[in-house]
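Given next are the chains, with one letter for each unit.
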Amino acid sequence: MSAADFLPLRGYDHVEFYVGNAKQAAHFYDKALGFKPVAKMGLETGCRDRASYVMQQGNVRFVLTSALTPDHEIARHCALHGDGVKVIALEVADVEAALREVKARGATVVQPTQAWEDQHGVLKTGVIRYAGDTVFKFVERRGYRGVFAPGYQPLAAQGRGGVGLAAIDHIVTNVHLGEMNYWSHWYEQVLGFSQLKHFTDADISTEYSALMSKVMENGSGKCKFPINEPAEGRKKSQIDEYLEWYQGPGVQHVALAVKDICATVRALREREIDFLRVPATYYEDLRDRIGRIDEDFDELRELGILVDRDEDGYLLQIFTQPVQDRPTLFFEVIERHGSRGFGVGNFKALFVSLEREQARRGNL
Ligand code: FE2
């Protein structure tokens, strides 16, 4: 590890989604995914051009934002990309220092350090460009005691109750063919991250399609960002499908860490969240491939949960279907038992399943 981490990150602060109808999205994130609505900004709070809902579960904080006026950057973003992730916000101790360091290393600053103030104190933010129209935002909270940020008012709603989503584990970006190395260098040079893993199309391929992936992680290991690019295959890969429907690079999935994946997935299934289904054959020799684990294999099969083992331990994971009509953003639920991997052993089984879904959409 480098002695001087020039961008010490405290962790993920929040993820902001630009959506067509934030009020209805908030209902879905509450009633189906178990997020509690904790704060709101909009007409009632004196904001005339946008509405935002802050949704919290465990340490996961999502912000859902819609435009209130027609010719608005948020409305244009939704028209082009559909619902999706706009902002990946990272907490830092000093926004000005963070921006100075990354700018000196080549970051494009979209919004210089800005101090937002209300009766609860001062919150500072700064924004830099990332892939496509996605941005990174640095957030400095030490001077702020309010519910989320100036302009937001707390909500009294109880919400339906959580399903055990505890923290953001990693956030994955899809980029065009040939751009993965550009962005992995960008993470290294601009943000001071290092490469944790590299998967080639030999690791991640099926009969029809392939992808390549590099995983970038910050100095403390708190923030992990895999980057995918499509590889040449006989048919269109799931990354190509994403790039076509998102109209360019962007966030493919947000992985959420849990402590009891069986309980979480059971609760989400009760709330009618749809997950990708792997072929039944996946479970036939799983016990032999994986060895001893704490969970019951029959329960994993019933719930459709995947298992992968590497030198450090094992992990359990499952992927939702896309959470909007375009085949773009989805979520992963992950429970780690020592493993620091991403389930590469599951990729092939998973992609057979993904391609079946792609074919149903007429996109293979
Ligand atoms: Fe993932």
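Residues numbered from 1 in each chain as written. Predicted model: local features only at pLDDT ≥ 70, side-chain atom pairs only at ≥ 80, totals over all residues. Heavy atoms only, no water.

**Q** So what exactly am I meant to see when it comes to helix H6 (residues 261-270) here?
**A** Among the residues making up H6, those that are buried are Ile261, Cys262, Thr264, Val265 and Leu268. Here the buried residues of H6 occupy an arc of 165° about the axis, which is enough to place them on one side. (Buried < 20%, exposed > 50% of the residue type's maximum accessible area, 1.4 Å probe, protein only. Helix = DSSP H or I, 4+ residues; strand = E, 2+ residues; numbered from the N terminus. Arc of directions from axis to C-beta.)

**Q** Would you mind going over the domain arrangement of the protein chain with me for this structure?
**A** By a widely used convention, the size of an interface equals the accessible area lost when the partners come together. For the protein chain, the assigned domains are domain 1 (3-154) and domain 2 (167-361). With centres defined by C-alpha atoms, the gap from domain 1 to domain 2 works out at 25 Å. Residue-level contacts link 42 residues of domain 1 with 39 residues of domain 2. Across the domain 1 to domain 2 interface the summed buried area is about 3,100 Å²; carbon plus sulfur atoms make up 68%. Three residues stand out in domain 1 for area buried against domain 2, namely Tyr12, His81 and Tyr130, and they jointly supply 22% of the buried area on that side. Taken together, the links from domain 1 to domain 2 amount to zero salt bridges. Between the two partners, domain 1 and domain 2, sit nine residue pairs in polar contact (both at pLDDT 80 or more). Elements with a contribution of two residues or more to the side of domain 1 that touches domain 2: strand E1 (9-18), helix H1 (22-31), strand E4 (60-67), helix H2 (73-81), strand E5 (84-92), strand E7 (121-129) and strand E8 (135-140). In terms of residue count, the dominant contributor to the side of domain 1 that touches domain 2 is E1 (six residues). Split into classes, the residues belonging to the side of domain 1 that touches domain 2 amount to 25 nonpolar, 10 polar and seven charged. (Domains from an automatic or database assignment. Contact = heavy atoms within 4.5 Å. Buried area = accessible area lost by both parts, 1.4 Å probe. Salt bridge = Lys/Arg side-chain N within 4 Å of Asp/Glu carboxyl O. Polar contact = N/O pair within 3.5 Å; in protein donor to acceptor, adjacent residues only side chain to side chain. Nonpolar A, V, L, I, M, F, W, Y, C, P; charged D, E, K, R; others polar.)

**Q** Help me understand the packing of aromatic side chains, please; the structure alone is not making it clear to me.
**A** By convention here, two paired aromatic rings are described through the distance between centres and the angle between planes. Taken as a whole and assessed by the stated rule, the structure comprises 27 aromatic pairs. On the basis of an interplanar angle of 85° and a centroid distance of 5.6 Å, the ring pair of Phe28 and Tyr29 is categorised as edge-to-face. Lying over the aromatic face of Tyr282, Arg289 brings its terminal NZ or CZ to 5.0 Å of the ring centre. (Phe/Tyr/Trp six-rings, centres within 6.5 Å; stacked < 30°, edge-to-face > 60°. Lys NZ or Arg CZ within 6 Å of the ring centre and 35° of its normal.)

**Q** Would you take a moment to explain the layout of surface pockets for this structure?
**A** To find leftover empty space, one rolls a probe the size of a water molecule over the atoms. In this structure, the largest pocket occupies an estimated 570 Å³ of space. Elements that contribute at least two residues to the lining of the largest pocket include exactly E1, strand E3 (50-57), E5, strand E6 (109-118), E7 and E8. A per-element tally of the lining of the largest pocket places E1 first, with four residues. For the second largest pocket, the calculated volume is near 210 Å³. Sorting the residues of the lining of the second largest pocket by element identifies E1, E4 and strand E10 (167-174) as the ones contributing at least two each. Among the elements that take part in the lining of the second largest pocket, E10 stands out by supplying three residues, more than any other. (1 Å grid on protein atoms, 1.4 Å probe; cavity = no way out; pocket = protein on both sides within 12 Å on 5 of 7 lines; lining within 4 Å. Points joined across faces, edges and corners; volume = space filled by probe spheres on them.)

**Q** Even after reading the chapter, I still don't get the nonpolar core, so can you show me in this structure?
**A** Among soluble globular proteins, nonpolar side chains are generally buried collectively. Membership of the largest hydrophobic core comes to 96 residues, with the highest contact counts inside it found for Phe17, Phe62, Phe136, Phe138, Tyr187, Leu191 and Phe225. Among the elements that line this core, the one with the most residues is helix H4 (residues 180-191), at six residues. Looking at which domains feed residues into this core, each of domain 1 (3-154) and domain 2 (167-361) supplies at least three. (Core = buried A, V, L, I, M, F, W, Y, C linked by side-chain atoms within 4.5 Å.)

**Q** Please clarify how H4 should be interpreted in this entry.
**A** Since there are 3.6 residues in each turn of an α-helix, residues three or four apart along the chain are aligned in direction. In this model, H4 (12 residues) spans 16 Å end to end at C-alpha, consistent with the 16 Å of a helix rising 1.5 Å per residue. Looking only at H4, the buried set comprises Met180, Trp183, Ser184, Trp186, Tyr187, Val190 and Leu191. Down the axis of H4, the sector holding all buried residues measures 155°, keeping them to one side. For H4, the exposed residues lying more than 90 degrees away from the buried face are Tyr182 and Gln189. (Expected span 1.5 Å × (residues − 1).)

**Q** Even after reading the chapter, I still don't get the sheet that holds strand E13 (residues 224-231), so can you show me in this structure?
**A** The strands making up a sheet associate through backbone hydrogen bonding, with each pair oriented either parallel or antiparallel. Within the open sheet, the eight strands sit side by side as E11-E12-E13-E10-E14-E17-E16-E15. Their pairing is mixed. Two strands lie at the open edges of the sheet, namely strand E11 (194-199) and strand E15 (306-310), each paired on one side alone. In this sheet, neighbouring strand axes are inclined to one another by 25° on average, regardless of whether the strands run parallel or antiparallel. Bridge analysis of strand E14 (residues 250-257) against strand E17 (residues 330-337) gives five bridges, and the strand direction is parallel. (Pairing = 2+ DSSP bridges. Axes fitted to C-alpha atoms, helices over the stretch in contact; angles between N-to-C directions.)

**Q** Even after reading the chapter, I still don't get the coordination of the iron ion, so can you show me in this structure?
**A** By definition of the ideal shapes, four donors in a tetrahedron about a metal sit 109.5 degrees apart, and six donors in an octahedron sit 90 or 180 degrees apart. Within the protein, His170 (NE2), His253 (NE2) and Glu332 (OE) serve as the donor atoms for the iron ion, at 2.0 to 2.2 Å. Positions of the donor residues of the iron ion, expressed as sequence spacing, correspond to H-x82-H-x78-E. Remark: Glu332 occurs in strand E17 and His253 occurs in strand E14; sequence separation between them is 79 residues. Glu332 gets classed as buried once you look at its relative accessible area, which sits at 1%. (Donors = N, O, S within 2.8 Å, 3.2 Å for Na, K, Ca; no water.)

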